[in-house]
Every structure is written in C-alpha cells, then in structure tokens.
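# Overview (structure and organization)
Residue-level listing of the chains:
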Amino acid sequence: MGIAELINKERKTAFSFEVLPPLKGTGIEKLYATIDTLREFDPLYVNITTHRPGTVAVAAAIHNKYDITVVPHILCSGFSREDTEYILLDLQFLGITNLLVLRGDKAKDESSFVPEKDGYAHALELEEQINAFNEGKFIDGTPIQAPLTPFRYGVAGYPEKHEESPNIEQDLYWLKKKVEAGADYVVTQMFYDNRKYVDFVERARKEGINVPIVPGIKPFSKLSQLSVIPKTFNVDLPQELVVEAMKCKDDKEARALGIEWCINQCRELIAYGVPGIHFYTVGAVDNVKEVATAVY
C-alpha cells in the first residue's frame, strides 16, 4: 500500500520520521535505539536517507525487525541509471515498494548540481525511470520477466522554495510536473513559520496539486542554528523565535525554547488539518520524543 493510501486511511494525524543509515564502520544499534525511542507513537512509516553503504540493507533490516513501512530515498545525486535499476531490483526482491524520489544536494564544492555520468539532473527524470520499471521495462528497453509490485513514491516540496529556484511560481510549476508524473504525496523541507506552509499548500491547491502535502518538522535546539539553519537549508527563522533565542544563556535554554516552539507549531498544524507530521530526527531524537509526547 502506498504512503498516500496509508495517510488517507488514518483517522488521526499521521506520525512519521526520517533516519540516517549508519556511517561506514558504525553499527546499526544507534539507529535501532532511535526507532525504539519513537516507536510508542505508532509511526505510519520511516524514511531512510540515502547513504553508501547501507540504505537498502537498513530499509530491509527495519522492515523485518519492526514490521513498519519503510521509505528509502532514491536520488539522482551520485547514482547512474544502472545504479538506480539495481536498487529498484534489490528493493523488489525485499518487498519494499515505497520510495521518496529526490534530486539530492549539489556537492559542496560545486556552484550548481552536476549529475553522475549517465545519471539524471532532475527528479522528474528519475520518476520516468521508475515509471518505466513499473511498466516492466529495463533501461535498455528489454522486458522484465518477473511479476512486479509497482513502486509508489512521493517527492519533496519547499514552502520557502528550493534554493536554486528563481521564485516560488517556478518551484510550484515543477512540483506539479512531478505529481503529474506519478508522485502521490509530497513531504516538505523543514520550516519554522506555519504561515509559510499554509501559503504553500494554498498555492499548490490553486495550481491543481491535490495530493497530501506532509509538513516536515525539526525542533530548533542550539544557538548555533540561528545561522546554520538559514545557511544550510535556505529556511527563514521567524523573528519571534530569533528574539527569544537571543535571550537564551546556553544551548540547554535554546533546546527548551525549540521544543516549546515545535509543540505549538505541531498543534497549530494539526488544528489546520495536516495529513501527517514528518519529523527529521538527526541530532534531535530526544527532542522529537518530547514534542511527540506533548502532541500525540
């Protein structure tokens, strides 16, 4: 069952979160601890970011250990068309058929995104390969003989626009193209001003984008994030949050402020009627737990 179907079946606001596969040489125990910490909130699904090695194996491990729907990220960045085909085959063997399709970030030393040799520059192209695979075609055009369970997938949305997009109108134009190509839900970049999300959803609806748009949330937790978050994620921090953060004497006070802000943010979003809340947990597992405890 696809994520959009799972969301639509939920009577309450769906809870989901994202995890990072263990880095090279690191065990999986810390990742399991994250899931154990958040499992009490009955996650509808768990996203697994792309990292080598590990994404497919970690998705399988979580799927088998917890019987939770897993959603591995599939990226253009760092992958050729053949790499992607092998990943899709591996996931089929494992019975994992939900994906989040992303272009991925440009390299830190690049001024603009450079695709892998024989890879893709846009998520839309990656969708086309997945669609062809669903239709039983390999990238060389030969037929896939074995029966398939079609992949279902979501894509990313940016309430404050993607950093490389000239404006929000262009951003929504491409988001609509991705939905028309087959994406059946959207998960957003993190944001700290709910008005940005509400405006984004309203504009998306006017453009005919009618799939679930799931807000992505991460609690503010350190004073250094006053500069790191805007620079890294192209996200504005509301002036009210900044003013309160500037009053904090240390990161302990900043963490408490961030949790309180996030709780209020989530309560407002639930009152607005969001289909779910998707939490980014890297470096913030305990914070997310405190927020979820108050909200769910």
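Above this text sits the structure in question.
These numbers come from a predicted model, not from an experiment.

### Details of unusual backbone geometry
Positive phi values are uncommon outside glycine, yet aspartate 42 reaches one of about 55 degrees. Examined against the element boundaries, aspartate 42 turns out to sit in the loop between α2 (29–38) and β2 (45–48).

### Details of the side chain of glutamate 160
Locating glutamate 160 in the fold gives a position in the loop between β5 (152–157) and α6 (168–181). At a separation of 3.4 Å, a polar atom in the side chain of glutamate 160 contacts the side chain of lysine 196. Polar side-chain contacts of glutamate 160 include one of 2.8 Å to the backbone nitrogen of aspartate 236. Setting aside residues up to four positions removed in sequence, glutamate 160 forms contacts with Phe191, Lys196, Asn234, Val235 and Asp236.

### Considering the packing of helix α5 (residues 123–134) against α6
Put simply, α5 and α6 touch, their axes get as near as 10 Å, and they point 5 degrees apart. Judged on the interaxial angle alone, α6 and α5 are roughly parallel. Between α5 and α6, the residues in contact are Ala123, Leu124, Glu127 and Asn131 and Trp174, Lys177, Lys178 and Ala181, respectively. Broken down by class, the residue content of the contact of α5 with α6 amounts to 4 nonpolar, 1 polar and 3 charged.

### Overview of the packing of helix α7 (residues 194–206) against helix α10 (residues 251–272)
Where α7 contacts α10, the two axes come as close as 10 Å, and the packing angle between them is 25 degrees. It follows that α7 is roughly parallel to α10 by the angle criterion. Relative to α10, the crossing made by α7 is right-handed. Contact with α7, carried on its side by Asn194, Tyr197, Val198, Val201 and Glu202, involves Gln265, Glu268, Leu269 and Tyr272 of α10 and no other residues of that element.

### Notes on the packing of aromatic side chains
All chains considered together, the criterion is met by 11 aromatic pairs. Judged by centre distance (5.3 Å) and plane angle (75 degrees), the ring pair of phenylalanine 15 and tyrosine 296 falls under edge-to-face. Residue phenylalanine 15 is located in strand β1 (residues 14–19), and its partner tyrosine 296 is located in the segment after α11 (285–295); the two are separated by 281 residues in the primary sequence. Ring plane angle 65 degrees and centroid distance 5.9 Å describe the contact between tyrosine 32 and tyrosine 66, whose orientation is recorded as edge-to-face. Of this pair, tyrosine 32 sits in helix α2 while tyrosine 66 sits in helix α3 (residues 55–66), and the two are 34 residues apart along the sequence. Taking the relative accessible area as the measure of exposure, tyrosine 32 reaches 18% and is therefore buried. Three or more aromatic residues joined by ring pairs form one cluster here, namely Phe15, Phe17, Phe41, Phe279 and Tyr296. Stacked on the ring of tyrosine 32, the Lys or Arg lysine 65 has its end atom at 4.9 Å from the ring centre. It is lysine 65 that lies over the ring of tyrosine 66; its NZ or CZ is 5.6 Å from the centre.

### Here's the deal with the nonpolar core
Ranked by size, the top nonpolar core spans 95 residues in total, and within it Ile62, Tyr192 and Phe279 carry the most contacts. Of the residues forming this core, the biggest block, 8 residues, is contributed by α10. Sequence-distant contacts of isoleucine 62, that is, excluding residues within four places in its chain, are made with Val19, Leu31, Ile35, Ile48, Asp67, Ile68 and Val70.

### With respect to the sheet that holds β1
Reading around the barrel, the 8 strands line up as β1-β2-β3-β4-β5-β6-β7-β8 and close back on themselves, with parallel pairing between neighbours. If you compare each strand with its neighbour and ignore which way they point, the axes differ by 30 degrees on average. In the sheet, strand β6 (residues 186–190) pairs with strand β7 (residues 213–217) via 3 bridges, with the strands oriented parallel. In the strand pairing of β7, valine 186 is matched with isoleucine 213. Where α3 meets the sheet, its contacts fall on β1, β2 and β3 (70–75), and the angle it forms with β3 comes to roughly 170 degrees. Contacts from α10 reach β7 and β8 (276–280), with the element oriented near 175 degrees to β7.

Calculation rules
Residues numbered from 1 in each chain as written. Predicted model: local features only at pLDDT ≥ 70, side-chain atom pairs only at ≥ 80, totals over all residues. Heavy atoms only, no water. Helix = DSSP H or I, 4+ residues; strand = E, 2+ residues; numbered from the N terminus. Polar contact = N/O pair within 3.5 Å; in protein donor to acceptor, adjacent residues only side chain to side chain. Contact = heavy atoms within 4.5 Å. Axes fitted to C-alpha atoms, helices over the stretch in contact; angles between N-to-C directions. Parallel < 35°, antiparallel > 145°, perpendicular 65-115°, else oblique. Nonpolar A, V, L, I, M, F, W, Y, C, P; charged D, E, K, R; others polar. Left-handed = near helix turned anticlockwise from the far one by under 90°. Phe/Tyr/Trp six-rings, centres within 6.5 Å; stacked < 30°, edge-to-face > 60°. Buried < 20%, exposed > 50% of the residue type's maximum accessible area, 1.4 Å probe, protein only. Lys NZ or Arg CZ within 6 Å of the ring centre and 35° of its normal. Core = buried A, V, L, I, M, F, W, Y, C linked by side-chain atoms within 4.5 Å. Pairing = 2+ DSSP bridges.

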